[in-house]
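Examining the three-dimensional arrangement
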Amino acid sequence: MTVTAGALDGVRVLDLTQVMAGPYCTMLLADLGADVIKVESPEGGDQTRTSMGTPRPGSDTPAFHALNRNKRSVTLNLRTDADRAEFFRLVADADVVVENFRPGVTDRLGVGYEAVREVRPDIIYASISGFGQYGPYADRPGYDLIAQGMAGAVSVTGDPDGPPVKCGLPVGDLGAGMLCALSIAAAHVHRLRTGEGQYLETSLYEAVLAMSVWESVEYFAGGEPPQRLGSAHRMSAPYQVVRTKDGHATIAANNQRLWLRLCEALDLQHLADDERFATNTDRMAHRAELIALLEGRLAATSTEECVAQLLDAGVPSGPILDYGQILEHDPHARARGMVEEYDHPVDGRSRVVGFPVKLARTPARLRRHPPVLGEHNEELLGKGTELAPDDEAGGGSVTWTRHAVPGADTYAAHLTLVNPERRNALTLRMYDQLERACREIDADPDIRLTVLRGAGGRAFAAGTDIREFRDFSGEDGVAYERRVGLAVDRLAGMRMPVVAAVEGPAVGAGSALASCCDVVVCTPDAVFGAPIGRTLGNCLAPAMISRLYAGLGRARTLRSLLAARLITAKEAYESGFVADIVDPADLDTCLAELTADIARCAPLTLAALKEADRRVLAASAPGHAEDLYARVYGSRDFAEGVTAFLEKRKPEWEGR
């Protein structure tokens, strides 16, 4: 199949938004082909990553995934001069900036329209807020519920004899997002014609009010505020939900022709001659009586029979479907491409609601999974060091997010190794990111513990990415072990407890990281060890061996290393290295309970226990081994081991 460029292909959007209205706007643009770069705070990013629903450890919420596909993510602290300079470097190549802060916030951050226009004069700059950038309500918080209430939607939603209720769907948020996306596209067309950029803004309040078409007509015509009508229509009857024998159906007989067909289809011809229902105006005036008569007739008819009878007669009708029926079983939703699937590096195969407009020449398509926080820092900002000896290596990332611990009034950091295509094997870049992430977590006084796990659920970490070892010398090996040591020592030295959740292999580097954690829980398929004597022919750091001794015992550790044998989850549990073996289906629950238990403990006690544990281990801490690293990494056997591994054959050792 030929891949067609999107309608907005080549348009770059900087997305400073979060939660719903702004992200929905930029997702629509991204679906249409725009290159959307989501600029997030390093301190957790878009709050929807953690606050809308409960994500499993190491994951973002489904709510975040639903609003952020087809985007790339970078992390910038716009309060700092350095990161603000990085933002303006991105602005120089951007076409659109979208933000949904409260009015005035972007100016205070130094990234408002005027500042951006200095760098890119033809920029299209869009703002979404609760009530707009000016007016008496401009400074009020912008929430969908509040906008629905103040723009009239709540006053007309619900049954006539019941309390006012909000619309079931967030029409303010989604409406503002759609209107903003439409206006950005219009501004883009204007710029193509004239070369002029512009500033545009909309609000949740205006989105809701703009949808009040029938309600405003009713008020302007009669001078009375519209009232709640349940599911009924303001301008015609019968046009609403009716009760059947086994549920409900919708009927839309909103003109005289359809009304007469309805009467015939349901054997209610006498109603066509009833003066109470002679015209649409009459039917609206006697709506309650009419619906009672229709429901009396349908009391012996199932929803399926009702819909079939009406459709056969040419009367619009349909069942009331719930989202389970629609998203799982409705053939029309599938046929229209409204349920799409994608692969996510953390959550695996996932589903999302598709794009609602079908463009024949430039169709919208799902090109990218919702990004993990800062996933594209290296790609877009060039942050970090040159990490790989060739273009194939150096992938993967390490991410962390801050999650509120229910009932504990504190936070846990969820630290994730993300290289699922290679079973989370670590690259030098990942070690550097791990070291940086541990420093950032330690600097947050509100974090009570850290949960470390691998992305994808198939492996914790299957060693180091062997592609990084091509053309290594002894000196390279020494430098490599120093960088790895920085990350491993930083993890082992974390101020607060670290819990490792091990699914599948935790070998080589994976075992090293697990041994640095205070509590290890694993699934039955977990394995530990470092079979390098059979595979690579390199060496382990004495510090790692010491930690494995402490957890697995000297005899079991040496048997594993010298015989290149892996240690099962059961053996690790029996030796005390693993605290619990948990069925995969129960792992998240186990982690949530353990996290809550630790988070409720006194923080000073937790820190003191960590320090006491470090002092016990330090009493027998080994020294450095750079001579060993130089010897093995510079050997012909190590080069042969790497080559054999990559060629998927057994190595031929020479002993030199």
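The following paragraphs examine the structure supplied in this document. Not measured: the values here are computed from a predicted model.

Tallying each qualifying case throughout the model produces 32 salt bridges. Ionic pairing is found between Arg-276 and Asp-274, a salt bridge with its closest N-O pair at 2.7 Å. When its relative accessible area of 18% is taken as the criterion, Asp-274 is described as buried. Residues participating in the shared-partner salt-bridge network are Arg-12, Asp-35, Arg-72 and Glu-379.

Moving on: the packing of helix H1 (residues 21-31) against helix H8 (residues 171-194). The description of two packed helices rests on the angle between their axes and on the distance between the axes. Close contact between H1 and H8 brings their axes to 8 Å; oriented N to C, the two are set at 40 degrees. Accordingly, the angle class assigned to the pair H1 and H8 is oblique. Crossing of H1 against H8: the hand is right-handed. Where H1 approaches H8, its residues Ala-21, Tyr-24, Cys-25, Leu-28 and Leu-29 are matched on the opposing element by Asp-173, Leu-174, Ala-176, Gly-177, Met-178, Cys-180, Ala-181 and Ile-184. Residue composition of the contact of H1 with H8, grouped by class: 11 nonpolar, one polar and one charged.

How two aromatic rings sit relative to each other is given by the distance of their centres and the angle of their planes. The final tally for this structure, using the stated rule, is nine aromatic pairs. Here Phe-87 and Phe-88 contribute two aromatic rings whose centre-to-centre distance is 5.5 Å and whose plane-to-plane angle is 70 degrees, an arrangement assigned as edge-to-face. By the burial criterion, Phe-87 is buried, and Phe-88 matches it. Look at Tyr-125 and Tyr-199: their rings are 5.9 Å apart centre to centre, the planes differ by 35 degrees, and that puts the pair in the tilted class. Within this pair, whereas Tyr-125 is found in strand E5 (residues 124-129), its partner Tyr-199 is found in strand E6 (residues 198-203), the two being separated by 74 residues in sequence. An aromatic cluster is defined as three or more aromatic residues linked by ring pairs; in this entry it consists of Tyr-113, Tyr-125 and Tyr-199.

Moving on to the side chain of Lys-71. With respect to the secondary-structure elements, Lys-71 resides in strand E3 (residues 71-75). Looking at Lys-71, its side chain comes within polar contact range of the main-chain oxygen of Leu-67, at 3.1 Å. Here Asn-68 takes part through its side chain, which lies 3.0 Å from a polar atom of the side chain of Lys-71. With sequence-adjacent residues up to four places away left out, Lys-71 is seen in contact with Asp-15, Pro-23, Thr-26, Met-27, Ala-30, Val-36, Lys-38, Arg-368, His-369, Pro-371 and His-376.

What counts as what
Residues numbered from 1 in each chain as written. Predicted model: local features only at pLDDT ≥ 70, side-chain atom pairs only at ≥ 80, totals over all residues. Heavy atoms only, no water. Salt bridge = Lys/Arg side-chain N within 4 Å of Asp/Glu carboxyl O. Buried < 20%, exposed > 50% of the residue type's maximum accessible area, 1.4 Å probe, protein only. Axes fitted to C-alpha atoms, helices over the stretch in contact; angles between N-to-C directions. Helix = DSSP H or I, 4+ residues; strand = E, 2+ residues; numbered from the N terminus. Parallel < 35°, antiparallel > 145°, perpendicular 65-115°, else oblique. Left-handed = near helix turned anticlockwise from the far one by under 90°. Contact = heavy atoms within 4.5 Å. Nonpolar A, V, L, I, M, F, W, Y, C, P; charged D, E, K, R; others polar. Phe/Tyr/Trp six-rings, centres within 6.5 Å; stacked < 30°, edge-to-face > 60°. Polar contact = N/O pair within 3.5 Å; in protein donor to acceptor, adjacent residues only side chain to side chain.

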